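One letter stands for each residue in the lines below.
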Amino acid sequence: MNDPLDFTGKTALVIGGSSGIGNGIAQAFRARGTSVTITGTRPDAGDYLEAEDSDMTGLAYRALDVRDRAAVAALADELGMIDVLVQSQGIVRYGRQEFEREGWDAVIDVNLHSVMDVARAFAPGLEARKGAMIVISSVAAFNAARGNPAYAASKAGAASLVASLGEAWASRGIRVNGIAPGFVPTKMTAVTTDHPERFQGALAMIPLGRMGTPSEMAGAALFLASPLASYVIGQTLVVDGGLTLS
């Protein structure tokens, strides 16, 4: 029997695969035989090795600013047909910056506008291979985020976009789904993990009593991109250790 999680001969693009959850997902696909290209905002892949503690082994790298629609379109033209597209780009602004127009626009631009821009650009290549698109949002999509209204709104929008595109593009053979991670150690969560009291308070809200890992998010991504999820359309899978259960 064929292994449904064997992606040998497949191609994948992980937007934001240079660090954090995206990097974990990229390496999981590579380990399963996929030819993986990742993007990041730094000029060269080597810029991430020390700064982000990322694993670039076996990954092709392209510098990309997802706010640049022309650059997104150019990358889509370069890569052509792909089997899996993972959108893991994202930013947050702390210190109540998201309540101001500049901070709001910056976060919405990356976390929501670029998701549609990337989806639009790569849809023909996905359609040609009857591929899968996976959008990484957050459990913040389903809860209030008192200090980060743009982040929460953008992630809620991304989850809604997954449903809308899932329905709209199913007839084209493109399966669109998403993942809403809970508390995972990344540079974006350092504002919590670097403060012991805040960190312990966060852990106390998670039934499993620990943070998740990029590899656990990768497990969900492998499932959603595989034949095991061939009848799953427009869903955002919550992977949070039980954080949102109460």
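Structure: see above.
Residue positions are given per chain, counting from 1 as you read along its sequence in written order. It should be noted that, the model being predicted, local features are given only for residues of pLDDT at least 70 and side-chain atom pairs only at 80 or more, the latter also being counted only at that level, while totals for whole chains, interfaces and linings use all residues. The side-chain numbers reported here are obtained from all heavy atoms of the structure, hydrogens and water having been left aside.

*Asks:* Teacher, can you tell me more about the environment of E127 here?
*Replies:* Secondary structure elements follow DSSP: runs of H or I of four or more residues count as helices, runs of E of two or more count as strands, with numbering from the N terminus. Looking at the secondary structure, you find E127 in helix α4 (residues 101-129). Given a relative accessible area of 28%, E127 falls into the partly exposed group. Taking the C-alpha atoms as reference points, E127 and D47, separated by 80 residues in sequence, lie 33 Å from one another. Only protein chains enter the accessibility calculation, which uses a 1.4 Å probe; a residue is then buried when its area is under 20% of its type maximum, exposed when over 50%, and partly exposed in between.

*Asks:* Is there a simple way to explain the pattern of salt bridges in this structure?
*Replies:* A pair can form between side chains of opposite charge whenever their charged atoms are brought close. Only one rule defines a salt bridge in this text: a Lys or Arg side-chain nitrogen within 4 Å of an Asp or Glu carboxyl oxygen. Here the structure, examined in full by the defined rule, presents 9 salt bridges. With its nearest N and O atoms 3.0 Å apart, the salt bridge here joins R101 to D105. Of this pair, R101 and D105 are both found in helix α4, 4 residues apart, which corresponds to roughly one turn of the helix. Connected through shared salt-bridge partners, R69, D117 and R120 make up one network.

*Asks:* So what exactly am I meant to see when it comes to the side chain of E98 here?
*Replies:* For E98, the position within the fold is in the loop between β4 (84-87) and α4. We count Lys and Arg on the positive side and Asp and Glu on the negative side, and we leave His and both chain ends out. Summary of buried charges: E98 has no salt-bridge partner, and the nearest side chain of opposite charge, R93, is 7.2 Å away. Two N or O atoms form a polar contact when they lie within 3.5 Å of each other; inside protein one atom must be a possible hydrogen donor and the other a possible acceptor, and for residues adjacent in sequence the pair counts only when both atoms belong to side chains. A distance of 3.2 Å separates a polar atom in the side chain of E98 from a polar atom in the side chain of N148. Engagement of the side chain of E98 in a polar contact is seen with the backbone nitrogen of A150, the distance being 2.9 Å. For this analysis, residues touch if any pair of their heavy atoms sits within 4.5 Å. For E98, the contacting residues outside a window of four places in its chain are V92, R93, G103, W104, V107, N148, P149, A150 and Y151.

*Asks:* It is not clear to me how the packing of helix α1 (residues 20-31) against helix α8 (residues 214-225) should be interpreted in this structure. Could you clarify?
*Replies:* Each pair of packed helices can be summarised by the angle the axes make with each other and by the distance between the axes. Every angle, taken between N-to-C directions, lies between 0 and 180 degrees, and every axis is a line fitted to C-alpha atoms, over only the stretch in contact when it is a helix. One can describe the packing of α1 onto α8 by two numbers: an axis separation of 8 Å at closest approach and a directional angle of 55 degrees. Regarding the angle of α1 to α8, the classification is oblique. Every pair of crossing elements has a handedness; the one defined by α1 and α8 is right-handed. Residue-level inspection shows G20, I21, G24, I25, A28 and F29 of α1 in contact with α8, the latter providing P214, M217, A218, A221, L222 and A225. Each residue is assigned to one class: nonpolar for Ala, Val, Leu, Ile, Met, Phe, Trp, Tyr, Cys and Pro, charged for Asp, Glu, Lys and Arg, and polar for all the others, Gly among them. Grouping the amino acids of the contact of α1 with α8 by side-chain chemistry returns 10 nonpolar, 2 polar and no charged. For this classification, under 35 degrees means roughly parallel, over 145 means roughly antiparallel, 65 to 115 means roughly perpendicular, and everything else is oblique. By convention the crossing between two helices is left-handed if the near helix lies anticlockwise of the far one by an angle smaller than a right angle, and right-handed if it lies clockwise.

*Asks:* How should a nonpolar patch on the surface be read in this particular structure?
*Replies:* Where nonpolar side chains cluster on the molecular surface, the patch consists of F223, L228 and L237 and spans about 240 Å² of accessible area. With respect to the helices, strands and loops of the structure, L228 is situated in the loop between α8 and β7 (236-239). Residues enter patches when their relative accessible area tops 30% and they take part in no salt bridge; the joining distance is 9 Å for like charges and 5 Å for the nonpolar side chains Val, Leu, Ile, Met, Phe, Trp and Tyr. Calculation of accessible area relied on Shrake-Rupley with a 1.4 Å probe; when residues are assessed, cover is drawn exclusively from the protein chains displayed.

*Asks:* Looking at this structure, I do not really get the sheet that holds strand β5 (residues 132-136). What am I missing?
*Replies:* Two modes of strand pairing occur in sheets, parallel and antiparallel, and in both the strands are linked by backbone hydrogen bonds. DSSP calls a pair of strands paired once it identifies at least 2 bridges connecting them. Read from one edge to the other, the open sheet built from 7 strands follows the order β3-β2-β1-β4-β5-β6-β7, with strand pairing classed as parallel. Only two strands of the sheet have a single partner each, and these edge strands are β3 (60-63) and β7. Taking each pair of neighbouring strands and ignoring which way they run, the sheet shows an average axis angle of 20 degrees. The strands that α1 touches are β1 (11-15), β2 (35-40), β4, β5 and β6 (175-181); relative to β2, the one it contacts most, it runs at about 165 degrees.

*Asks:* For this particular structure, what's the right way to read the pairing of β1?
*Replies:* Walk down a regular strand and you will see the side chains alternate between the two sheet faces. Within β1, 4 of the 5 residues are buried, which leaves the element mostly enclosed by the surrounding structure. Bridge analysis of β1 against β2 gives 4 bridges, and the strand direction is parallel. When the bridges of β2 are listed, T11 appears paired with S35. For the handedness criterion, the β-α-β arrangement of β1, α1 and β2 is classed as right-handed. Relative to β4, β1 is paired through 4 bridges, and the arrangement is parallel. By the bridge assignment for β4, A12 is matched with V84. Crossovers are marked right-handed if the path from the first strand over the helix to the second runs clockwise, as seen with the strands pointing away from the viewer.

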